[in-house]
Amino acid sequence: MKELLKVTGLNVVFDTPAGRVHANRGINLMVNENETLGLMGESGCGKTVLFLSLLRLQQPGRIVSGSIVFDGRDLTKLTTSEMQQVRGRQIALVPQDHSTALNPAFTVGQQLNEALLVRDNGGGLWKTSLIGCSGRGSQAFQEEVKAVLGELALGDLVDTGRLLGRYPHQLSGGIRQRVLIAMALLGHPRMLIADEPTTALDRASRVQTLEVLNRLCERMTMLIISHDLDAIRTTCERVAVMYGGRIIETGPMLSVFRNPRHPYTRLFLSCQKFSRGDVLPEVTGDVLNLIDFPLGCSFHPRCPRAMPVCSELEPAEVHVDDTMVACHLYATGETTC
Amino acid sequence: MARLRQVMQGNKARWAGIAMLVLFILCAMLAPWIAPLDPWEFGPAFLRPSTTNLLGTNDVGQDIFSELLYGARNSLLVGFAAALLSVSLGAIVGLVAGFRKGILDDLLMGATDVFLVMPMLPLAILVSVYLGPSIWNLTLVIGLLWWPSTARVIRSQVLSIRESGYVESARALGASDLWIMRRHVLPNVVPLLMAKFVLTVAVAMLMEASLSFLGLGDPIAKSWGMMLRYAFLRGGFVGGLWWWYAPPGLAIGLCILSLTLISFSIEEKSDPRLKRVLER
Amino acid sequence: MLEVRDLKKHFRIRHNPLARLRGHRDHIVRAIDGVTFEICEGEVLGLVGESGCGKTTLAKTVLRLYLPTNGDVLFRGQSVFGMGRNELKQLRREAQIVFQDSNSTLDPRMNARHMLEEPLLLHRMGQRSERRQRIASMMEKVMLSPAFLKRHPAELSGGQRQRLSMARALIIEPRLVIADEPLAGLDPIVSTQLLDLMLCLKREMGLTYLFISHDLSTVTYASDRIAVMYKGRIVEIIDGERFQSGALHPYTRFLQSPERLPVESEVNGDIHFRHGNGGKGCVFHEKCPNRTSICTESSPGLRDIAPGHKVACHLVN
């Protein structure tokens with residue numbers, strides 16, 4: 001399997017009036033070609049900053065150190081215009097909030113057309129007229145859009161022509177979400193980043209979106225950011241868990257779900273899967289503040305298995321069987337617990 | 001003292017504004033004692049600035065520096081009185097309209113819109129001509145014409161607070177309308193009112209200067225607008241007598257600048273979310 | 001303790017005169033359309049349904065924050081809508097609501113102490129020192145350190161804010177608490193923590209909850225009985241223990257399993273108003289996999305299927 005994306009030692013900081021926020025601290029991450037990686041973690045753990053940094057859209061944050069090698073090129077060294085070629089055509093993003101990500105003033109067709117225009121014209125605005133979005137109703141356009149919509153199970157569901165003439169507010173959340181995916185796919189990207197693709201959807205649309213993603217991940221490289229465990233389970237081959245700006249556990253999806261090693265991963269998974277009569281997992285402490293880090297492992301104030309060393313040393317990444325864990329519990333070679 | 005310095009550093013613009021305004025108010029209050037000469041007394045005309053006449057004299061030999069100090073009294077008085085009148089009027093209209101929706105709201109806002117679309121300065125000129133030149137008429141005219149924008153702002157703020165989650169939650173706790181008004185609506189409106197008041201003082205002062213300049217003020221009373229008027233009419237501008245026209249113009253400009261600075265800082269401070277960032 | 005009888009709340013969506021000239025009619029949104037249930041003293045009734053099904057409207061109407069179009073709510077046998085001033089004040093003391101989204105339901109200008117003091121002042125509870133003490137003990141109960149008393153909502157994290165909202169509702173020692181999506185928008189770990197806290201407080205203070213959520217697993221975990229809502233109607237009420245295995249309504253079963261539905265044409269000009277379109281028949285018939293002709297014609301009422309189990313479906317016996 002070929003490595004498509006490799007992030008090494010990525011550090012991203014934000015300078016705010018309240019102090020320096022270390023949003024990403026030494027991220028190591030790798031995604032193979034045609035693989036789907038799920039990224040999990042609570043809000044504020046730095047996962048949004050991570051994927052924005054992959055597209056170099058992390059402003060006002062700064063990439064302090066580290067490299068992002070995509071298909072042999074280090075993205076951190078590219079110029080702005082080179083980066084524009086990467087965005088959308090190499091790595092495309094499906095934004096989170098389908099209700100605001102589409103422009104309410106244009107129809108779905110116009111917006112899909114715009115995605116095509118941007119792709120064909122290299123992102124240069126001067127080459128496309130501003131109102132040009134409504135212009136190109138050509139055969140090629142129709143065919144291409146039809147093909148993509150068909151892939152998203154929108155072609156058979158509704159009459160494509162009618163869909164294209166609609167404004168975003170006339171569509172249900174599920175359809176809007178798939179239109180966003182379609183816009184991303186029109187750029188023929190090598191890799192697709194989907195940010196919380198199933199939140200803010202009702203159940204029927206969620207199921208359909210998952211089916212669509214599931215089909216896509218067979219032929220594409222994807223990075224899915226979510227804390228919806230069902231979404232991760234049905235689509236991802238590997239998962240990475242983030243906490244406090246670090247990746248604390250990565251491994252094959254099944255092995256992480258069945259046998260989570262890091263105490264945080266265990267807590268995270270057990271908090272979402274409990275049924276009647278279970279004793280709720282004991283939770284102490286509060287969410288992490290990314291400005292004043294605790295010394296040592298960032299999770300130790302909340303960790304049920306904290307040891308003295310946890311408050312002193314930042315744990316290194318350790319390989320245990322097929323997974324990587326950053327936790328002192330495994331540093332001595334102890335693999336069972 | 002260290003604490004004071006720390007607070008001062010927090011917002012330099014605000015403190016600069018307050019310092020300037022305090023200076024102007026002190027000048028106005030202490031004018032009879034600190035003015036070196038009687039500004040109504042005639043003497044040798046068109047003198048250049050010297051040690052006796054700090055800013056020279058005008059066409060009839062009145063001391064310009066003393067005139068300036070006495071002028072601050074009337075200019076500030078008209079500014080503050082007119083602003084008080086107009087902001088109270090606007091606040092009442094805005095609060096009532098916002099809190100009691102329905103016909104009353106429609107009527108009040110209809111009247112407000114009518115006032116808003118009328119061109120202010122010509123209207124003010126007309127009314128002052130009709131009422132005759134006097135400082136109090138000037139105050140009345142400005143105060144009664146300048147309330148609609150306050151009313152609009154306050155009403156929209158009240159409307160948004162009314163519908164906010166925290167008012168609903170107070171209602172669920174059993175709070176009455178009066179309680180909500182006092183504990184939730186007013187505290188959220190007062191900073192806005194203060195900001196609006198300070199800004200209206202500036203507007204009223206400018207208005208007073210314009211009306212006086214056009215000859216609609218009291219011809220005997222000293223005010224910065226009047227000083228400019230005479231400097232303009234009696235050849236001060238043409239003759240290049242800068243010590244005659246520059247001081248009152250500068251005074252008006254600085255006064256308005258200081259008020260604007262204060263107004264901005266009140267608005268900034270009124271939002272606790274902003275305050276937190278500013279304090280750090 | 002609380003009895004809701006055939007409660008209806010319809011909203012009229014008005015168009016501006018220009019749109020009306022162009023032929024747009026006023027819409028009536030049937031946010032809740034004939035809801036009947038009761039809550040017994042000391043129980044947790046879970047109310048599940050997807051967003052937009054009318055849960056929040058129901059919560060607000062039950063406590064007379066909205067006036068209903070039809071129907072009645074009885075609190076301890078007394079009609080909520082017929083109450084006078086003093087009775088209403090008593091109701092506000094005994095029945096509290098915790099809103100979803102603590103970000104907007106806390107006054108941004110007030111610090112935590114003021115926020116907790118307000119309910120005590122409103123109901124004239126205690127002298128200054130006693131209020132102080134109550135506030136301190138309430139803060140402890142919701143696991144917030146006293147240092148937070150001086151903080152404003154913007155300086156608290158989502159979980160802390162939600163705990164403050166809880167404290168604010170509970171400080172006047174109500175009997176009934178309506179919790180409207182108290183866990184929505186929180187991270188899984190924080191929300192588990194809060195759920196645990198809510199259940200602890202219930203035992204400690206002897207509360208009755210109406211627990212509203214769209215998340216099946218938390219509702220199943222916390223509730224003694226569960227009501228399932230769809231498009232302004234309750235389609236099933238069932239004991240919490242039997243919910244996983246014994247639910248019968250097709251919509252409940254759909255919520256429980258991730259199977260694919262035959263979907264109606266979703267590109268619909270009236271998609272916003274689809275919810276409660278006032279058409280005939282069962283609310284779920286458009287999406288129901290086993291619909292028959294009767295489902296499109298008459299609307300099924302809630303019927304007793306077994307003790308403590310009611311279903312509104314023509315096909316369930």
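This structure is a prediction, so every number in the text was calculated from the model and none was measured.

J.: Tell me about helix 2 (residues 12-34) of chain B, and name the residues and values.
T.: Helical geometry: 3.6 residues make up each α-helical turn, so side chains three or four residues apart lie on a common side. Residues and elements named next belong to chain B. A rise of 1.5 Å per residue sets the reference length of helix 2, with its 23 residues, at 33 Å; its end C-alpha atoms lie only 29 Å apart and thus fall more than 12% short of the reference. In helix 2, a bend of some 45° at A28 exceeds every other bend along the element, and P32, a proline, comes one to four places later. By the burial criterion, the buried members of helix 2 are R14, G17 and L21.

J.: Explain the pairing of strand 2 (residues 19-32) of chain A residue by residue, including any values.
T.: Residues and elements named next belong to chain A. Note: strand 1 (residues 3-16) against strand 2, eleven bridges, orientation antiparallel. Looking at strand 2, one finds that D15 is bridged to R20. If you look at the hairpin formed by strand 1 and strand 2, you'll find two residues sitting between the two strands.

J.: How would you explain the packing of helix 3 (residues 64-99) of chain B against helix 7 (residues 148-162) of chain B if you had to name every residue and give the values?
T.: Residues and elements named next belong to chain B. Between helix 3 and helix 7, the shortest axis-to-axis distance is 7 Å and the interhelical angle comes to 35°. Note on packing geometry: the crossing formed by helix 3 with helix 7 is right-handed. In contact with S86, V87, G90, A91, V93, G94, L95, A97, G98 and F99 of helix 3, helix 7 contributes P148, T150, A151, V153, I154, R155, V158, L159 and R162. A class-by-class count of the residues in the contact of helix 3 with helix 7 yields twelve nonpolar, five polar and two charged.

J.: A description of the sheet that holds strand 4 (residues 62-70) of chain A should follow, citing residues and the corresponding values.
T.: Residues and elements named next belong to chain A. Spatially, 2-1-4-5 is the arrangement adopted by the four strands of the open sheet, whose pairing is antiparallel. Strands at the two margins of the open sheet, each flanked by one partner only, are strand 2 and strand 5 (73-74). Pairing geometry for strand 4 and strand 5, over two bridges, is antiparallel. Bridge pairing in strand 5 places F70 opposite R73.

J.: Can you break down the nonpolar core residue by residue, with the values?
T.: Ranked by size, the top nonpolar core spans 231 residues in total, and within it A182(A) and F211(C) carry the most contacts. The two domains that each donate at least three residues to this core are domain 1 (1-90 + 189-337) and domain 2 (105-188) of chain A. F211(C) has contacts with V44(C), L45(C), G46(C), L47(C), A179(C), V219(C), A222(C) and S223(C), leaving out every residue within four places of it along the chain.

J.: Hey, could you go over the sheet that holds strand 9 (residues 238-243) of chain A for me, with residue numbers and the actual values?
T.: All names here are of chain A. A sheet is described by the order of its strands in space; here eight strands give the open sequence 6-7-8-3-9-10-12-11, paired in mixed fashion. Every interior strand has two partners, whereas the edge strands, strand 6 (91-94) and strand 11 (317-320), have only one. For this sheet the average axis-to-axis angle between neighbouring strands, irrespective of direction, equals 20°. Pairing of strand 6 with strand 7 (residues 191-195), which is carried by four bridges, proceeds in the parallel orientation. Bridge pairing links A92 to L192 in strand 7. Relative to the sheet, helix 6 (residues 173-185) contacts strand 6 and strand 7, its axis offset from that of strand 6 by approximately 170°.

J.: Tell me about helix 5 (residues 112-122) of chain C, and name the residues and values.
T.: Burial in helix 5 of chain C covers these residues: A112(C), M115(C), L116(C), E117(C), E118(C) and P119(C). Directly after helix 5 of chain C, the chain includes R124(C), whose backbone phi takes a positive value near 50°.

J.: Give me the confidence of the model for chain C: which residues, what numbers.
T.: Residue and element names in this part refer to chain C. Looking at chain C, pLDDT values average 85 and 93% of them are 70 or higher. Counting contacts from residues 260-277, a segment whose pLDDT is below 50, to residues more than four positions away or on other chains yields 38 contacts. Among the prediction metrics, the complex's ipTM stands at 0.80, with pTM recorded as 0.80.

J.: Got a sec to walk through the environment of T36(A)? Specific residues and values, please.
T.: Residue and element names in this part refer to chain A. Its place among the elements puts T36 in strand 3 (residues 36-40). C-alpha separation for the pair T36 and V320, spaced 284 residues apart in sequence, amounts to 21 Å. In contact with T36, not counting residues within four places along its chain, are C217, M222, I224, T235, C236 and E237.

Analysis parameters
Residues numbered from 1 in each chain as written. Chains lettered and ligands numbered in written order. Predicted model: local features only at pLDDT ≥ 70, side-chain atom pairs only at ≥ 80, totals over all residues. Helix = DSSP H or I, 4+ residues; strand = E, 2+ residues; numbered from the N terminus. Expected span 1.5 Å × (residues − 1). Bend = angle between axes of the 7 residues up to and from the residue. Buried ≥ 20, exposed ≤ 12 C-beta atoms within 10 Å, placed from the backbone. Pairing = 2+ DSSP bridges. Axes fitted to C-alpha atoms, helices over the stretch in contact; angles between N-to-C directions. Left-handed = near helix turned anticlockwise from the far one by under 90°. Contact = placed C-beta atoms within 7 Å. Nonpolar A, V, L, I, M, F, W, Y, C, P; charged D, E, K, R; others polar. Core = buried A, V, L, I, M, F, W, Y, C linked by C-beta atoms within 7 Å. Domains from an automatic or database assignment. pLDDT = per-residue confidence, 0-100.

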